[in-house]
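Structure at a glance
Residue-level listing of the chains:
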Amino acid sequence: MGLVMNIELKHIHKRFGAVHANNDINLTFATGRIVGILGENGAGKSTLMKILSGFQSMDSGEIWLDGKPVSYNGPQAAIAHGIGMLQQDPLDVGAFTVLENFIYGQPGNLSPKRKVAQQQLEKLSQRFGFELDPDMPVSQLSIGQRQQLEIVRLLALGVRTLILDEPTTGISTEQKTLLFDALRELAAKDSMTVLLVSHKLEDVIALCHEVAVLRAGRIVGSMDMPATTTELVTLMFGQELAAQPRQPINANSDDAVLALHKVQLRNKRMKIDNISLRVRAGEIIGLAGLDGSGQEMLLRACVGLEKCSRGQIDIAGRDMTGKSYREFLQTGVAFGAAGRLEEGLVAGLTLTEHIALVTSHQSFIDWNSARQHTEDQIKHYNVRGRPESRIETLSGGNQQRVLMALMPQEPVLMALEQPTRGLDVDSARWIWQQLIERRKGGTAIIFSSPDLDELVTYSDRIIVFCGGWVQEVADMENLTLDELGRMIGGEGVIQ
Amino acid sequence: MNPELINIFNSIVANATPLVIASIGETITERAGVVNLSLDGSLILSAMVGFVAAFVSGSAIIGIIAAMIVGGLIALIIAIGGIELRQDQVAIGFVLTLLTADLATFLGQNYTRIPGPQILRSPIPILADIPVAGPIFFNQTALVYLSYALIFGLWYWLFRTRPGLALRAIGERPETAFARGANVNRLRYLYTIIGGALVGLAGAAYSLSVKPGWATPPSMAGDGWIALAIVIFGGWHPFRVVLGAYLFAGLRALSTAIQRTPEIEISVVLLNGIPWVLMIITLLLVSSGAIERLLTVLPRPLQKWTRNFLRSDPPAALGTRFKQK
């Protein structure tokens, strides 16, 4: 074994509407190396890997393999060139058995030789210590096992480069160890190239020989490992913008609008213990952390969408533990989900219908006044759209404006998931002006964001989530982006 | 065995054949992820066209071919509407059911109640002499033998060949099929048309063999819905689908026999309801946990086979649209 395979990506561009997901990407991957592709959510790393593996077409650019330019349409053709990708949710067929999945996609005669295929499957599984029962339906496998199946399948197809997209999400520690051992062996013994897409720094540090970092669609740096978390975080988030002076806290009373007492939150993947927090009227609390570290869970717990397994939640002095979302809403909280069209708005309904949904409480809607009200709101919130436009035809920024218009005027507490997700700088600034207006009226705001700059600029206090722990930033006055990045990466956590 | 009993079983197999062919056709279509809901109307229109074509040309073969073309064309409309125009397959199929049934009545009005060509029995030498099974299964028309071939052929295709894996994959998870090199929508077209042509063949099996001739109201009205139900009952597995078709035809024969026996007084309506009740009970059994519990007591090699046989989940992508990148 040991075919050499060098991959060169030259001037790759890919746009999705207004978003420049890949902006002039130039990268070289040498054979036998494990390379981490790092970047925050939306940085463009998955798009780039999908282009390389044929799942996505590029707008312009070239892929060179071993010194020759290649072009392929579709993942099957990429595999024929030796490049295979393991998707985050493995692309298999749940109704098939393990063996059928292994066979499906292999070239050959009309009727596949099941015995031969089974031997090949067993041999490959044994090599890496994977336990795959050929007769088991795939729907009964864990995600880790489905990944193992997909890896041996791609290897059997003669893949020389293996791309893995967030492979450690949703798998057990033992499966992770098994996976990493297999990847190391493939790189060392078979001189395969392994590309690991991840935003988990500990995985990258544990496994990779080198990293390439993307931010906002561009390559912002690459380095050989070992590197420290700090160096990686600096590359990932950058630090070109200095922290701006924050507005003074405008709390007019000492009473807590929101109080968490030793709250415990848990889901299938993690558990966070002992969260205690007091939020006063007019305070803005930022929740920081790598994606999926528990910020969203806490936000949802504050509005009753997530149940706490232990502890107590008070809103405006009332014990709300275990109450429903509806009851939370009645106490005057408002919630804005990150998935605007999925959770916040109803695709297919017009602006007027949205306004009527929240303002009209009779069975019959007075459409004339609803329309009038909608026009007022459109003017007030500067929405680019008409009362009869359907919501999904609006841009992200305008959708977010509508979402603001739909929220109660003076809520006690607003819980916002990534309030400026996907918005351009202008729209984001406008959203924050609106939020600060409401804060002056005494509304407390608790929000999550992947944007450190946004967190540092607007928060009165910041809570950092990392590996199942929460920690409040002690010295807000002298907090730099760099320090915050380090805390997110897990340095200086008091356990 | 009692020769009269053998006769009864022989006619059950014969009468079940159009249902077998139609539900095998629908099984193929639905395995590919497309619902052809027009079965009832398709059967009626293709039965009419099959009879008229055979009558005019004097050849049953030409009748069969004409009927298959009609079934295939109706399926093509569903494929174009559902795949190309991205409309709701259930809605298109339902409208087509009503339209084609009326069209058959209208176009066939000059051909009612006249004798025409028929497909006759052709016993298979040697095989027909096997005791009991011989006269039941091998003293039949060529269409019946074709239905046997379809049953085993589809089973082999689905579970033992590479294109069969692709067929199942496009109905289960088209994204995966696409990633492994399948042209999902082209395959869906192909299998929808093949399935539709088989439904047309089933229509011809009525008008040229089982219930020869053409009449209004059509004698096979309602059987299309039954075939659709049999596909669900059969869990999209050819063997179980066939079992369902035979079971249904058997229950029908039983109810006819009971009606002819004056000593037994049971309402006809009640008798006709039995197959449906039986189907609901079976579906409940299969979808409850009872089967899984039963499986655990079986020896391991048998478990796998039984689970596969009893599986009753519809193809996961049934009735959905797939957009190729």
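Residues numbered from 1 in each chain as written. Chains lettered and ligands numbered in written order. Predicted model: local features only at pLDDT ≥ 70, side-chain atom pairs only at ≥ 80, totals over all residues.

Turning next to the overall build of chain B. When helices and strands are counted, chain B shows 14 helices and zero strands. Listing every helix and strand of chain B by position from the N terminus yields α-α-α-α-α-α-α-α-α-α-α-α-α-α. Here the C-alpha atoms of chain B give a radius of gyration of 20 Å, agreeing with the 20 Å that 2.2 N^0.38 yields for 325 residues. Projected onto the principal axes, the alpha-carbon positions of chain B cover approximately 60 × 50 × 45 Å. Considering chain B as a whole, with its 325 residues, one finds that 45% of them fall into the buried category. (Helix = DSSP H or I, 4+ residues; strand = E, 2+ residues; numbered from the N terminus. Rg over C-alpha atoms; globule rule 2.2 N^0.38 Å. Buried ≥ 20, exposed ≤ 12 C-beta atoms within 10 Å, placed from the backbone.)

This part takes up the overall build of chain A. Per the secondary structure count, chain A includes 17 helices and 20 strands. The C-alpha atoms of chain A give 25 Å as radius of gyration, which agrees with the globular expectation for 495 residues (23 Å, within 12%). The C-alpha extent of chain A, read off along each of the three principal axes, is 70 × 55 × 45 Å. Relative to its 495 residues, chain A shows a buried fraction of 44%.

A separate point is the interface of chain A and chain B. Where the parts come together, the accessible area they lose is often given as the size of the interface. Between chain A and chain B, the residue contacts involve 16 residues of the former and 15 residues of the latter. For the side of chain A that touches chain B, the secondary-structure elements that each account for two or more residues are helix 2 (75-80) and helix 3 (98-103) of chain A. (Contact = placed C-beta atoms within 7 Å.)

Residue and element names in this part refer to chain A. Both strand 3 (residues 34-38) and strand 9 (residues 210-215) contribute to a ladder of four bridges, which runs parallel. Directly across from Val35, in strand 9, lies its bridge partner Glu210. Pairing of strand 9 with strand 10 (residues 218-224), which is carried by six bridges, proceeds in the antiparallel orientation. Residue pairing for strand 10: Arg215 is matched across the bridge by Arg218. Here strand 9 folds back onto strand 10 in antiparallel fashion, the turn holding two residues, of which Ala216 has a positive phi close to 50°. (Pairing = 2+ DSSP bridges.)

Looking now at the packing of helix 2 (residues 39-57) of chain B against helix 10 (residues 223-233) of chain B. Residues and elements named next belong to chain B. Interhelical geometry of helix 2 versus helix 10 gives an angle of 130° and a closest axis separation of 6 Å. Classed by the angle they form, the pair helix 2 and helix 10 counts as oblique. For helix 2 against helix 10, the interelement crossing comes out right-handed. Together, Leu39, Asp40, Gly41, Ser42 and Leu43 of helix 2 and Asp223, Gly224, Trp225, Ala227 and Leu228 of helix 10 make up the contact between the two elements. Taken together, the residues of the contact of helix 2 with helix 10 sort by class into five nonpolar, three polar and two charged. (Axes fitted to C-alpha atoms, helices over the stretch in contact; angles between N-to-C directions. Parallel < 35°, antiparallel > 145°, perpendicular 65-115°, else oblique. Left-handed = near helix turned anticlockwise from the far one by under 90°. Nonpolar A, V, L, I, M, F, W, Y, C, P; charged D, E, K, R; others polar.)

All names here are of chain A. The alternating pattern of strand 16 (residues 333-336) places Val333 and Phe335 on one face and Ala334 and Gly336 on the opposite face, and all of these are buried. Taken together, the four bridges between strand 16 and strand 17 (residues 413-417) define a ladder with parallel strand orientation. Counted as the bridge partner of Val333 is Leu413 from strand 17.

The next subject is helix 7 (residues 162-172) of chain B. Across the 11 residues of helix 7 of chain B, nine count as buried, placing the element largely inside the fold. Every buried residue of helix 7 of chain B is accounted for by Gly164, Leu165, Ala166, Leu167, Arg168, Ala169, Ile170, Gly171 and Glu172 of chain B. Buried positions along helix 7 of chain B lie against helix 3 of chain A together with helix 1 (3-31), helix 6 (142-160), helix 8 (174-179) and helix 9 (184-210) of chain B.

Residues and elements named next belong to chain A. Reading across from one edge, 12-11-14-15 is the order of the four strands in this open sheet, with antiparallel pairing throughout. Because the sheet does not close on itself, it has two edges, and the strands there are strand 12 (271-280) and strand 15 (318-319). Looking at chain direction, strand 11 (residues 256-266) and strand 12 are connected through seven bridges and run antiparallel. The partner of Val263 across the bridge, within strand 12, is Ile275. Sitting on the sheet, helix 9 (residues 295-302) is in contact with strand 11, strand 12 and strand 14 (310-315), with an inclination near 125° to strand 11.

Residues and elements named next belong to chain A. Residue-level pLDDT values for chain A average 84, and 93% of them are 70 or greater. Between the elements of chain A, mean pLDDT differs from a low of 73, seen in helix 11 (residues 340-344), to a high of 95, seen in helix 3. Per-residue pLDDT stays below 50 along residues 240-244; that stretch engages in six contacts with residues further than four places along the chain or on separate chains. (pLDDT = per-residue confidence, 0-100.)

This part takes up the packing of helix 2 of chain B against helix 3 (residues 60-84) of chain B. Two packed helices can be described by the angle between their axes and the distance between those axes. Residues and elements named next belong to chain B. Packing of helix 2 against helix 3 brings their axes to within 7 Å, and their N-to-C directions diverge by 150°. With respect to each other, helix 2 and helix 3 are oriented roughly antiparallel. Helix 2 and helix 3 meet at a crossing whose hand is right-handed. Listed contacts from helix 3 to Ser42, Leu45, Ser46, Ala47, Val49, Gly50, Phe51, Ala53, Ala54 and Ser57 of helix 2 are Ala60, Ile62, Gly63, Ile64, Ala66, Ala67, Val70, Gly71 and Ile74. Split by residue class, the contact of helix 2 with helix 3 holds 13 nonpolar, six polar and no charged.

All names here are of chain B. Among the secondary structure elements, Ile226 is positioned in helix 10. You can call Ile226 buried: it has 24 C-beta atoms within 10 Å. Residues Ile226 and Ala22 lie 204 residues apart in sequence; the distance between their C-alpha atoms is 9.8 Å. Aside from chain neighbours lying at most four places away, what touches Ile226 is Leu19 and Phe248.

What follows is about the sheet that holds strand 5 (residues 68-70) of chain A. Residues and elements named next belong to chain A. Read across the open sheet, the four strands follow the order 2-1-4-5; overall the sheet is antiparallel. Of all strands in the sheet, those bounded by a partner on one side alone are strand 2 (19-29) and strand 5. Shown here is a sheet whose adjacent strand axes are inclined to one another by a mean of 30°, direction ignored. Most of the contacts of helix 1 (residues 45-52) go to strand 1 (residues 7-16), to which it runs at about 120°, and overall it touches strand 1, strand 2 and strand 4 (60-65).

Moving on to unusual backbone geometry. Note that the residue after Met225 of chain A, namely Pro226 of chain A, is joined by a cis bond; omega there is 0°. With respect to the secondary-structure elements, Pro226 of chain A resides in the loop between strand 10 and helix 8 (229-237). Across the junction of Thr216 of chain B and Pro217 of chain B, the peptide omega takes the value -5°, indicating a cis bond. Tracing the backbone shows Pro217 of chain B in the loop between helix 9 and helix 10. One non-glycine residue, Val132 of chain B, adopts positive backbone phi at about 60°. Residue position: Val132 of chain B is located in the loop between helix 4 (89-107) and helix 5 (133-137). A residue is classified by how many C-beta atoms lie within 10 Å of it, and Val132 of chain B, with 11 of them, is exposed.

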